[in-house]
Amino acid sequence: KNEVEQSPQNLTAQEGEFITINCSYSVGISALHWLQQHPGGGIVSLFMLSSGKKKHGRLIATINIQEKHSSLHITASHPRDSAVYICAVNDNNTDKLIFGTGTRLQVFP
Amino acid sequence: NAGVMQNPRHLVRRRGQEARLRCSPMKGHSHVYWYRQLPEEGLKFMVYLQKENIIDESGMPKERFSAEFPKEGPSILRIQQVVRGDSAAYFCASSPQGTGTRFFGPGTRLTVL
């Protein structure tokens, strides 16, 4: 079993829909990251959080430390949001980043 | 303030050749991390370096792979005698301290023929 699990693996949506991507982890962490990777492209850090909720534009990230769960929400989705969204955690003991396998999002006009 | 830079962006090598991948961290960042993303797989940690020191290389294959981060110049990930299974995207990230947000580079896509 992976230490970081994401769901769903693939997600398609119509433009304007509200999107939720989930991440569960099994290790103790100091922080959780949400990353975005466009096809053939680099990786952009969207959020780093250790508690509560953060918002940036149409993106919202939440984390529940007790339940070891985080969600990434996209409001009013747009085709340019199409990308792979990756959850990663800083392992408490090693500080290494452990990555989920990503959620591939496609938003159609 | 330029972001993390990696070059080359694409690298093609034949089996048995050497691959050198370079990473210049963001200005003021002295911590560098290398990650590998195999086709259709998630990112995996390879090595963590500070200037002139390898802090953690537990994710590096035991043979053919080495990394350095000299006092001057970029960090180098070196793969000797490449094999087809080395074909992957190699990402570098930097941070100003050992914890916190990693800033990722655009990656180097290595193809071994």
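Read on for a plain summary of the structure.

What counts as what
- Residues numbered from 1 in each chain as written.
- Chains lettered and ligands numbered in written order.
- Predicted model: local features only at pLDDT ≥ 70, side-chain atom pairs only at ≥ 80, totals over all residues.
- Heavy atoms only, no water.
- Contact = heavy atoms within 4.5 Å.
- Buried area = accessible area lost by both parts, 1.4 Å probe.
- Salt bridge = Lys/Arg side-chain N within 4 Å of Asp/Glu carboxyl O.
- Disulfide = S-S within 2.5 Å.
- Helix = DSSP H or I, 4+ residues; strand = E, 2+ residues; numbered from the N terminus.
- Buried < 20%, exposed > 50% of the residue type's maximum accessible area, 1.4 Å probe, protein only.

## Focus on the interface of chain A and chain B
Next up, step 1: On the chain B side, the residues contacting the 18 residues of chain A number 19 residues.
Next up, step 2: Both sides together, the interface formed by chain A and chain B hides about 1,400 Å², and carbon and sulfur atoms give 56% of it.
Next up, step 3: Considering only the side of chain A, the residues that lose the most area to chain B are I43, K96 and F99 of chain A, jointly responsible for 36% of the buried surface there.
Next up, step 4: Joining chain A to chain B, the criterion identifies one salt bridge.
Next up, step 5: For D56 of chain B, the salt bridge identified is with K96 of chain A, shortest N-O distance 3.6 Å.

## Concerning the state of the cysteines
Next up, step 1: If you walk through the whole model with that rule in mind, you get two disulfides over all chains.
Next up, step 2: The disulfide partner of C23 of chain A is C87 of chain A, and the S-S distance across this bridge is 2.0 Å. For the disulfide bridge between C23 of chain A and C87 of chain A, the dihedral angle about the S-S bond is near -65°, and by the sign convention the bridge is left-handed. Taken together, the residues C23 of chain A in strand β3 (residues 19-25) and C87 of chain A in strand β9 (residues 83-91) connect sequence positions 64 residues apart.
Next up, step 3: Residue pairing for C23 of chain B: its cysteine sulfur links by disulfide to C92 of chain B, the two sulfurs lying 1.7 Å apart. Linking C23 of chain B and C92 of chain B, the disulfide has an S-S dihedral of approximately -40° and is accordingly described as left-handed. Linking C23 of chain B in strand β3 (residues 19-24) with C92 of chain B in strand β9 (residues 88-95), this pair joins segments that are 69 residues apart in sequence. This pair shows no difference in class: C23 of chain B is buried, exactly as C92 of chain B is.

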